[in-house]
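Now for the letters of each chain:
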Amino acid sequence: METAVADTASVVDAIVQKHNKSRASLIPILQDIQGALGFISPESLRVLERTTGISANESYGVATFYTQFRFSPPGKHVIHVCQGTACHVRGGAQNMAELQKLLGINPGEITPDAHFGLERVACLGCCALAPVVSVDGKAYARMSPKKLPAILDEYRK
C-alpha cells in the first residue's frame, strides 16, 4: 500500500509540474491524473491539494460535475451503452438492462473480477447505427439484448 501511495504522489507531482498551478489548470490536471492512474483516487486529490493549494474538496467538486471523471479503477474492458435519443428510441435501455443482468453490475461499477466496467453515456455520436454499444472504443451497431452475450464472449477470451 505504501508503494501505491508513493507512486500516486510522484505521478501527481510530475503532472502538476507540467501545468500552471492555478485553478484554471485544474481540469487539465485532473484529466492527466485520470489518464495516468486510470481514475481520480482520494490520495491523488490529497497530493494535488499539497502541491497546488487547491483543496481536495474543491477538486472533487469540480471532478464530480463532469461525467468524464471516474473515482474507482476501470474494468479491463469498458462497455459504454448509448442512452441518447436515437439509441433510447431503438432499444438502448433494453441493452443496458441486459448487460446489467449478464454482468451482475450497475452502470458505474466493475465486475468482481475487474474484467468489465459498465458505463451509461449520453451519446456515442453514431445515431444512424442506433442502438449502439461500444467496448474499449469499438462500436457495435444495431445492438439487441440477444447479441450481447456473443460480444461479451469476444472479450472474455
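Predicted, not measured: the structure shown is a model, and the values here were computed from it.

## As for the overall build of the protein chain
Reasoning step 1: Broken down by element type, the protein chain carries 7 helices and 4 strands.
Reasoning step 2: Counting from the amino terminus, the protein chain carries its helices and strands in the arrangement α-α-α-α-β-α-α-β-β-β-α.
Reasoning step 3: Projected onto the principal axes, the alpha-carbon positions of the protein chain cover approximately 50 × 30 × 20 Å.
Reasoning step 4: Sequence-distant contacts in the protein chain: of pairs separated by 6 or more residues, those separated by 24 or more amount to 59%.
Reasoning step 5: Measuring between centres, the 16 positive side-chain charges of the protein chain sit 10 Å from its 14 negative side-chain charges.

## Brief notes about the packing of aromatic side chains
Reasoning step 1: Applying the stated rule across the entire model yields 2 aromatic pairs.
Reasoning step 2: Measuring from ring centre to ring centre gives 4.9 Å for Phe65 and Tyr66, while their planes differ by 85 degrees; the resulting arrangement is edge-to-face.

## What about helix H3 (residues 42-52)?
Because the α-helix completes a turn every 3.6 residues, residues three or four places apart line up on one side.
Reasoning step 1: Within the sequence span of H3, burial applies to Glu43, Ser44, Leu45, Val47, Leu48 and Thr52.
Reasoning step 2: Immediately downstream of H3, the backbone of Gly53 shows phi near 85 degrees, a positive value.

## Some details on unusual backbone geometry
Reasoning step 1: Cis geometry is found at the peptide bond from Ala130 to Pro131, where omega equals -5 degrees.
Reasoning step 2: With respect to the element layout, Pro131 can be found in the loop between strand S2 (116-121) and strand S3 (133-135).
Reasoning step 3: Non-glycine residue Ala114 carries a positive phi angle of around 60 degrees.
Reasoning step 4: At Arg142, a residue that is not glycine, the phi angle is positive and equals roughly 50 degrees.
Reasoning step 5: By secondary structure assignment, the location of Arg142 is in the loop between strand S4 (138-140) and helix H7 (148-156).

## As for the sheet that holds S2
Reasoning step 1: With respect to topology, 4 strands assemble into an open sheet ordered S2-S1-S3-S4, the strand pairing being mixed. Each of the sheet's edge strands pairs with one partner strand only, and the pair in question is S2 and S4. The average undirected angle you get between the axes of adjacent strands in this sheet is 25 degrees.
Reasoning step 2: As judged from the 3 bridges shared by S3 and S4, these two strands associate in the antiparallel manner. Paired with Ser134 across the two strands is Ala139, which belongs to S4.
Reasoning step 3: Its contacts with the sheet place helix H6 (residues 92-103) against strand S1 (77-82), S2 and S3, and it is angled at close to 150 degrees to S1.
Reasoning step 4: H7 rests against S1, S2, S3 and S4 of the sheet, and its axis sits at about 160 degrees to S4.

Analysis parameters
Residues numbered from 1 in each chain as written. Predicted model: local features only at pLDDT ≥ 70, side-chain atom pairs only at ≥ 80, totals over all residues. Heavy atoms only, no water. Helix = DSSP H or I, 4+ residues; strand = E, 2+ residues; numbered from the N terminus. Contact = heavy atoms within 4.5 Å. Lys, Arg positive; Asp, Glu negative; His and termini not counted. Charge placed at Lys NZ, Arg CZ, Asp CG, Glu CD. Phe/Tyr/Trp six-rings, centres within 6.5 Å; stacked < 30°, edge-to-face > 60°. Buried < 20%, exposed > 50% of the residue type's maximum accessible area, 1.4 Å probe, protein only. Pairing = 2+ DSSP bridges. Axes fitted to C-alpha atoms, helices over the stretch in contact; angles between N-to-C directions.

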